[in-house]
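Next come the chains, spelled out residue by residue.
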Amino acid sequence: MLRQTRSVFQKLRCLRGQQRTWRLKSTSATEAALQYQPGQKVHGFTVREVVAVPDLFLTAVKLTHDKTGAQYLHAARDDSNNLFSVQFRTTPMDSTGVPHILEHTVLCGSEKYPCRDPFFKMLNRSLSTFMNAFTASDYTMYPFSTQNAKDFQNLLSVYLDAVFFPCLREQDFWQEGWRLENENPTDPSSPLVFKGVVFNEMKGAFSDSERLYAQHLQNKLHPDHTYSVVSGGEPLAIPDLTWEQLKQFHATHYHPSNARFFTYGDLPLENHLKQIQEEALSRFDRIDPNTEVPSQPHWTSPREDHVTCCPDALSPDPTKQNTLCVSYLLGDITDTFEGFTLSLLSSLMISGPNSPFYKSLIEPKIGTDFSSVVGYDGSTKEASFSIGLQGIAEEDTERVKEIINQTISDIIENGFEEERIEALLHKLEIQIKHQSTNFGLSLASYIASSWNHDGDPVELLRISESVAKFRQALKENPRFLQDKVKHYFKENTHRLTLSMSPEDAYLEKQAKAEEEKLHKKIEVLSDSDRKEIYEKGLELLAAQSKTQDASCLPALRVSDIEPTIPITPLEMSLTGGVPVQYCEQPTNGLVYFRAMCSLNSLPDNLKPYVPLFCSVITKMGCGDLDYRQQAQQMELRTGGMSVSTQVIPDSTQLDTFEQGILLSSSCLERNLPHMFELWSEIFNRPHFNDEERLRVLVMSSAQELANGISHSGHMYAMIRAGRHLTAAGDLQETFGGMEQVKFMKRIAEMSDLTQVIRTLPRIKKHLLNPASMRCAVNATPQKMSDAEAQLESFLKDVAANRKEHKRVREDIISKPLDPQDASGGSRNLVSEQHFQPCQMKTYFEMPFPVNFVSETVRTVPFSHQDYASLCILARMMTAKFLHGEIREKGGAYGGGARMGGVGLFYFYSYRDPNSVQTLSAFHKGVDWAKSGCFTQQDIDEAKLSIFSTVDSPVAPADKGMLSFLSGITDEMKQSHRQRLFAVSHKQLVEVAERYFTVGQKMFGVTILGPENETIKKDPSWLVL
């Protein structure tokens, strides 16, 4: 998987772990780790440093391996979701994608585990909460996490063997990297074409103009070493990589002397060290890997450059598709405090409507949004800062450059308001306190780049020390930040201005370049070479089709899964006449508030506007606050306030669903009154009349939706394919499908938004209405009564909005929120018992060289006895059949089947070179399931995989949310659990027959992809 860059401040948002301070242990993991002493020898390692980090409730232990020099960091924390990661500094000097292809290939079999694809097979033999691998610009990382100690040992064994002792077979290189092969491998007369998983993945990645721009910007800003090449692989350079070069890159880069190990959680460090030493490191001696990245020589004068991209058919304005950005090379990321300062400075300059660049670049509506690369980026040895616009007209490029220069001068002169700095530091405080379930992974990502260049990872964790140092620097020099702006921006000659414009013939040129590359490869082939290619293609196909013996791999058993789930205590009550769910949780001093508001009285013609309403209602101002003041108060007093659309299927009836919007916010306990005051003003006096502000938000939203298709195409295909299969399908397409993308494009094209401005208050009257609302609060036991009092006060403040609107439809049924107590309020659901599903095949022609394919089948709701069998079937079909057909043979980046909570069963593929052939693979998968050619071991593995999802950790903020939103109680979850355990071979064959038999199944198909003559000629397809 190719890793995108993120700023340090973005990564700080992820530093939210789940500490369990309420569960007293005799010795906590953090206390146990404090017993280690610097200089102590443990299983071939020497302890270098032991540091308590109270901010993050952890103890950091830094070690080095005596024999190889491998670096090791352990973060001991009372969190059962333990994580392991090993990363290597990988510094390619060409764009063949060698580190990326190697990342894929090492996971295809190793010395101890020689079966093909142990990585994907372990997904079904483990209860992992995360398993993946990432290729960044200059490192490759292999992380996993699990809550089960035996599972941790199993996965650690597989990961260690994969990275240090991989098979690196030539066949795996052909499959994962690239190969020349007959289009139809069984027909030697069919034309030779390029195939390979990474080759197709990167073709898909480079069809995304934002991704393309980011790549060019990095390559051109750092032109003298590894950052000047494409670590993921440039599609036309990938076929220059040889198998020998791949093996050589592994030998020099995947060595313990070039490795950094990280472990996290409550499992004992000694066990990890012992296993790593015995299974891997004891077999190596120290080498000099020589992978250091030198500093980029600084330019003496700024540079300009230009690139082209594919036009975007969904862009709001075809004449405004240019991008311009100025990027500045900053300091070395191993200077922790300087990086921290520049990351905060970046946020002050670009984040939110109060920032100088938002005011100067976004509000004049020169473009649709900031450029795809914006702000601080600490993912390279020397950080960078970028600022610019996308969606601009060609004639505005000079104006944008002038505005950027002028804004920097203004910042140097005027500085930043103290209140904005405080708001930013408050945001940081909330981000550190907020607890997530993937804290270990967030930590691994946060320290990766700096540690990769020998920065101190422990120093990075001491965030409060950086905050204190930052405050002190501001106190000593009020112009501290302005001086940084002057030094890094005004006086910096190492800056690149990169523009990008659409080119009508772009795709045509790409295709032609690929054809020429292919022709050059083919023209030197002899007849015997062609024969060998054909035979090797057949060999690969035979290997891919062969049933694999995975018995060498370690595995958990179904009996290792906990038979019951812990019950989450919830309390339901009526507060101010509104049903409220209270859930006491160890939220670390934060309060989480949600409110679900019904759409049942909203006229159908207003529904397409609801996503827009949700995105602007907290951003237009309210009460006495204009939108800038509102944004400032939200940053100072809350952890964010947002509104989102909800289409929630009923758990018992297929064509019954709830439609609404969800209000979400959080705050520190001390700010409860302020948070509810902000919501009161949004309910009572929202601002809608500022057309200039609305246009800015509309343009940004339309641009974001258009940009999202190239990396979420499979989701759009799945939503569209289910549009006519359930009663809720059409609304889901309206809110979150291609219909919404096109609707927002039309809104963005309007020269006059008066009609929209008139529509928003009408929607508000129906939605922000206490008469059709229910609330949920998660807080600590100590603060719950205070939260209840503040909520009651809020509900009194907004009581004037309480109106009993006439329902626009009669088919509404009520279900109690608490099945045991009907007096505690109810959910009002739409129930279309006479809904008639219909089948449709839709093709969206898109400017991509790859396809996103989905076939969706109508099945059953959550509580139905067959639902569990369909969940297991989807997972088993993916692992045992579809993965091989779609990814290994077909060359798609991903594909499979999944059972959705909406009563729909989805087949899908992602970045797929094939279209109708993939539909055929789906149907073969069904035939395979019906044939019953699978074993009990296959079923057990699918169960393990399903339970790793079912039992994934839930953060304190989210406890009780499934019950609140969907009415699925712990008792219902336990019943589902028992049905999952009970799924048998016979039931799997039966559900395959019952729901997927041609003539009986009710299905929809959608493909997003390039022009397709076969489909155009087929009248059964609707081509859009």
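This is a predicted model, so every value here is computed, not measured. (Residues numbered from 1 in each chain as written. Predicted model: local features only at pLDDT ≥ 70, side-chain atom pairs only at ≥ 80, totals over all residues. Heavy atoms only, no water.)

1. What about empty space enclosed by the protein?
Evaluated as defined, the whole model comprises nine cavities of 30 Å³ or more. Roughly 370 Å³ of volume is contained in the largest cavity. As for the largest cavity, its lining consists of 28 residues, of which Ser 209, Cys 310, Asp 312, Gln 703 and Asn 707 are closest to the centre. At the level of secondary structure, the elements contributing two or more residues to the lining of the largest cavity comprise α8 (209–221), β13 (322–332), β16 (382–392), β17 (495–502) and α24 (691–721). For the lining of the largest cavity, the leading source of residues is α24, giving five residues. (1 Å grid on protein atoms, 1.4 Å probe; cavity = no way out; pocket = protein on both sides within 12 Å on 5 of 7 lines; lining within 4 Å. Points joined across faces, edges and corners; volume = space filled by probe spheres on them. Helix = DSSP H or I, 4+ residues; strand = E, 2+ residues; numbered from the N terminus.)

2. Digging into a nonpolar patch on the surface
A grouping of Met 840, Leu 1022 and Leu 1024 is seen on the molecular surface, where their side chains present a nonpolar patch of about 230 Å² in accessible area. Summarising the element assignment, Leu 1022 is placed in strand β31 (residues 1022–1023). Its relative accessible area of 37% is what places Leu 1022 among the partly exposed residues. (Patch = residues over 30% accessible without salt bridge, like charges linked within 9 Å, V, L, I, M, F, W, Y side chains within 5 Å. Areas by Shrake-Rupley, 256 points an atom, 1.4 Å probe, with all protein chains shown as cover. Salt bridge = Lys/Arg side-chain N within 4 Å of Asp/Glu carboxyl O. Buried < 20%, exposed > 50% of the residue type's maximum accessible area, 1.4 Å probe, protein only.)

3. Details of helix α34 (residues 985–996)
When the terminal C-alpha atoms of α34 are compared, their 17 Å separation across twelve residues agrees well with the 16 Å that a helix rising 1.5 Å per residue should span. Looking at α34, one finds that the buried residues are Leu 988, Val 989, Val 991, Ala 992, Tyr 995 and Phe 996. Taken around the axis of α34, the buried residues stretch over an arc of 165°, which confines them to a single face. Structurally, α34 contributes buried residues whose contacts are with β27 (851–858), α29 (867–889), β29 (904–912), α30 (916–931) and α31 (936–950). (Expected span 1.5 Å × (residues − 1). Arc of directions from axis to C-beta. Contact = heavy atoms within 4.5 Å.)

4. With respect to unusual backbone geometry
It is generally the case that most residues other than glycine have a negative phi and that most peptide bonds are trans. Phi at Phe 57 takes a positive value of approximately 55°, unusual for a residue other than glycine. Topologically, Phe 57 is positioned in the loop between β2 (45–53) and β3 (58–65). Its identity as a non-glycine residue notwithstanding, Leu 168 has a phi of 50°, on the positive side. For Leu 168, the location among the structural elements is in the loop between α5 (149–164) and α6 (170–176).

5. Here we look at the packing of helix α11 (residues 336–350) against helix α17 (residues 463–476)
One way to put it is that α11 packs onto α17 with a least axis distance of 10 Å and a crossing angle of 70°. As judged from the angle between their axes, α11 and α17 are roughly perpendicular. Contacts between α11 and α17 involve Phe 337, Phe 340, Thr 341 and Leu 344 from the former and Ile 463, Ser 466, Val 467, Lys 469 and Phe 470 from the latter. Among the residues making up the contact of α11 with α17, the classes are represented as six nonpolar, two polar and one charged. (Axes fitted to C-alpha atoms, helices over the stretch in contact; angles between N-to-C directions. Parallel < 35°, antiparallel > 145°, perpendicular 65-115°, else oblique. Nonpolar A, V, L, I, M, F, W, Y, C, P; charged D, E, K, R; others polar.)

6. Considerations on the pairing of strand β26 (residues 841–845)
A regular strand carries its side chains on alternate faces of the sheet. Alignment of β26 against strand β30 (residues 1003–1009), held across five bridges, turns out to be parallel. Its bridge partner lying in β30, Phe 844 is registered against Leu 1008. In this structure, β26 lies alongside β31, joined through two bridges in parallel fashion. Across the sheet, residue Tyr 843 finds its bridge partner in β31, namely Val 1023. (Pairing = 2+ DSSP bridges.)

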